[in-house]
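# Structural overview
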Amino acid sequence: ALQRLSAPHLRALALETGDWIYFSVPNGHEVICISRETGHIPIPRDALKVGDRHPMGIGAGGVALLAALPDDEVDAALATHAAVIARDYPRSGVAVIRDLLKSTRERGYSEIPGLIVPDYWAIGVALVNAQGRPEAAITLVASGQRLPAARRQALGARMLRLSQDLMNAAAGAAKDRTF
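Residues numbered from 1 in each chain as written. Predicted model: local features only at pLDDT ≥ 70, side-chain atom pairs only at ≥ 80, totals over all residues. Heavy atoms only, no water.

## Things to note about the nonpolar core
Selection criterion: We define the nonpolar core as a collection of buried residues of types Ala, Val, Leu, Ile, Met, Phe, Trp, Tyr and Cys that are connected through side-chain atoms lying within 4.5 Å of one another. The cut-offs for exposure are 20% and 50% of the maximum accessible area for each residue type, with area from a 1.4 Å probe on protein chains only; residues under the lower value are buried, those over the upper are exposed, and the others partly exposed. We call two residues in contact when some of their heavy atoms are within 4.5 Å.
Grouped together as the largest cluster of nonpolar side chains are 50 residues, with contacts concentrated most on Leu 66, Leu 127 and Ile 138. For Leu 66, the contacting residues outside a window of four places in its chain are Met 56, Gly 57, Val 74, Ala 77, Leu 78, Ile 97, Leu 101 and Arg 105.

## Considering the sheet that holds strand β2 (residues 30–37)
We apply this condition: For two strands to be treated as a pair, DSSP must find no fewer than two bridges joining them. For the purposes of this entry, the term helix denotes a DSSP run of H or I that reaches at least four residues, the term strand denotes a run of E that reaches at least two, and both are numbered from the N terminus. Fitting a line to C-alpha atoms yields each axis, with helices limited to the stretch in contact; the angle taken between N-to-C directions then spans 0 to 180 degrees.
The antiparallel open sheet is built from six strands, whose spatial order is β3-β2-β1-β6-β5-β4. With partners counted over all chains shown, the strands left at the sheet margins are β3 (53–55) and β4 (110–113), one partner each. Within this sheet the neighbouring strands show an average axis-to-axis angle of 30°, counted without direction. In this sheet, strand β6 (residues 134–143) lies alongside strand β5 (residues 120–128) in antiparallel orientation, the contact comprising nine bridges. Its bridge partner being in β6, Trp 121 is matched across the sheet by Ala 142. Lying over the sheet, helix α2 (residues 59–67) contacts β1 (20–27), β2, β4, β5 and β6, oriented at roughly 35° with respect to β5.

## Quick notes on the pairing of β5
Among the nine residues in β5, seven count as buried, and that is most of the element. Note that β4 and β5 share four bridges and pair antiparallel. Bridging from a neighbouring strand, Glu 111 pairs with Ile 123 of β5. Once β4 ends, the chain turns through six residues before running back antiparallel as β5, passing Gly 114 with a positive phi of about 70°. Connecting β5 to the next strand, β6, in antiparallel fashion are five residues, including Gly 132 with a positive phi near 85°.

And the structure:
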């Protein structure tokens, strides 16, 4: 339901920015991409596809989701996938993820500087419910040259507002269904 509610907003963001927008959900200590909106910029062949799953903490959405969890759950997720992260994502080791978590918690959104796909940056925000639990993540991906610091900051703030608006709308829709 949250993805259906989000879809038109994510499509509008992709069209406006020209960048790629992903919607992912947590599943245990993994993240699953369930939709992708295409911008007009080229995207690398090895970009995330619908249905792809990866350890929580990998990619901007995965970092944003992990940052929204309490420290004990962060530790459990990273311990669960430490070997996979080291093997499959050597530029995003557990120490790197912990640094990204710190800056994500300070900023409210994650920034991934070309760690997964060289020369492509990503910004991620978690969609957090009223109980403080992350339900989904929105990720914007663009080439590094399209994401200078000022644009990252503006897009991060915009994506934070969008995540809050979407969660408020979802809460309102759920309340309407209970009557």
